[in-house]
Amino acid sequence: MYNTKRMPEYPLNQSFYNRQVIEVAYDLIGKRLVRQMNGFQISGLICETEAYDGMSDLACHARVGKTNRTAVMFGPPGFAYVYFTYGMHWCFNVVTGEEGYAAAVLIRAIIPDTGLEFIANNRQGIDKQHWVDGPAKLTKALMIDKSQNGVNLSNSKSGLWIEEGAHIDKSRIIHGPRIGIDRTPEPWRSKPWRFWVETI
DNA sequence: CGCCCGATGTGCT
DNA sequence: GCACATCGGGCGT
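Residues numbered from 1 in each chain as written. Chains lettered and ligands numbered in written order. Predicted model: local features only at pLDDT ≥ 70, side-chain atom pairs only at ≥ 80, totals over all residues. Heavy atoms only, no water.

1. Comments concerning unusual backbone geometry
As a reminder of what qualifies: Think of it this way: any DSSP run of H or I at least four residues long counts as a helix, any run of E at least two long counts as a strand, and we number them from the N terminus.
Cis rather than trans, the peptide bond between Glu 186 and Pro 187 has omega equal to 5 degrees. Tracing the backbone shows Pro 187 in the loop between strand S7 (173-176) and strand S8 (194-197). Here the phi dihedral of Asn 38 falls at roughly 40 degrees; this positive angle occurs in a residue that is not glycine. By the element assignment, Asn 38 lies in the loop between strand S1 (32-37) and strand S2 (40-53).

In C-alpha cells:
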C-alpha cells in the first residue's frame, strides 16, 4: 500500500550520478523521485528507466552535439535535463557521468508513493493505473516542466530530487530495448538500455 | 488488451 | 520542412 508518513530522507549526492549512465539507470530502479513545493510533497518509486549514452549513441539527443536544448546534458552529473516533445509533453532525465560527457537517464515510470491527492488532481479523468506509467505522464503528475531544466538534484532546495527508496530484489529488474526510437539505426536501436521491474 | 491516429510546437537541417 | 526518447480517445478483438 501507499505510504503516508516517512522518515526524513536526503537527496542522493552527486557521486551517485558521476558514473556510467547504464549503471545509474539500473541503480535508479526502486529509488524515490520527490517533488516538493510550498509545503507539499509528491513522490513515486522509480520503476522504469532508459539510458542514453553520449554523442556516439544515435538515439541520444546529444548525437548532434551541444545545442541550447541539450546543453545541460553536457554539464556536470546530478542535474535535471527536461525537454519538450510532440508539441505538448515534458520528459525528465538525470544527467550522468563526468562534465563534458553528454549522457542521461530518462525516467519513464514511477509507482505513486506520497501526495496521491495532488497526483489525482494533476491527472484528472485518468484511471489511477495510468497516472504515472509514462515519461510525460509522471512529469504532469509531479508538475515538472521547463522551469526544472538544469536544477541541481542533489540540493533539496531545488524542490526536485531522488532519494533512497524501496529495496528491489535484483532478480526482479529486467532490461530490453528502448522505446520510441524506431528510426534509430542499429546497433543503437536494439541496445538493451531500458530497465524496469518485472512485476508491479 | 491491441492498433490507429490526431494533437501540437520546438529544434535542427 | 519535418522529425519527434508521447499521450489519450476510439473502436475492434
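From this point, the narrative continues.
2. Some remarks on the protein's contact with DNA strand C
This is how it is decided: It suffices for a single heavy atom of a residue to lie within 4 Å of a molecule or strand for the residue to be listed as near it. Polar contacts, as counted here, are pairs of nitrogen or oxygen atoms within 3.5 Å of one another; within protein the pair requires one atom able to donate a hydrogen and one able to accept it, and residues that are adjacent in sequence qualify only if both atoms are side-chain atoms. Asp, Glu, Lys and Arg are counted as charged, while Ala, Val, Leu, Ile, Met, Phe, Trp, Tyr, Cys and Pro are counted as nonpolar; the rest, among them Gly, fall into the polar class.
Around DNA strand C, 19 residues are found, and the nearest of them are His 61, Tyr 83, Asn 93, Arg 123 and Arg 183. Here DNA strand C approaches the protein such that, of its atoms within 4 Å, sugar and phosphate make up 57%. Note that a base oxygen of DNA strand C is positioned 2.8 Å from one of the side-chain N or O atoms of His 89. Here the surface near DNA strand C is composed, by residue class, of 10 nonpolar, five polar and four charged.

3. A word on the side chain of Arg 108
Our working definition: The buried label goes to any residue with under 20% of its type's maximum accessible area, the exposed label to any with over 50%, and the partly exposed label to all in between, with areas taken from a 1.4 Å probe on protein chains only.
Looking at the element boundaries, Arg 108 is found in strand S5 (residues 103-114). According to the relative accessible area criterion, Arg 108 is buried, its value standing at 13%.

4. Side note on the nonpolar core
Filter applied, for reference: Think of a nonpolar core as a cluster: buried Ala, Val, Leu, Ile, Met, Phe, Trp, Tyr and Cys residues, connected wherever their side-chain atoms sit within 4.5 Å. Note on definitions: a residue-residue contact is assigned when non-hydrogen atoms from the two residues lie within 4.5 Å.
In terms of nonpolar packing, the biggest core is built from 39 residues, with Leu 28, Leu 33, Phe 92 and Ile 107 touching the most fellow members. In terms of residue count, S5 provides more of this core than any other element does, five residues in total. Beyond its immediate stretch of four places on either side in the chain, Ile 107 contacts Leu 28, Leu 33, Ile 46, Glu 48, Thr 49, Phe 92, Pro 135 and Leu 138. In this structure, Tyr 81, Ala 102, Leu 106 and Ile 181 belong to the second largest nonpolar core, which totals 15 residues.

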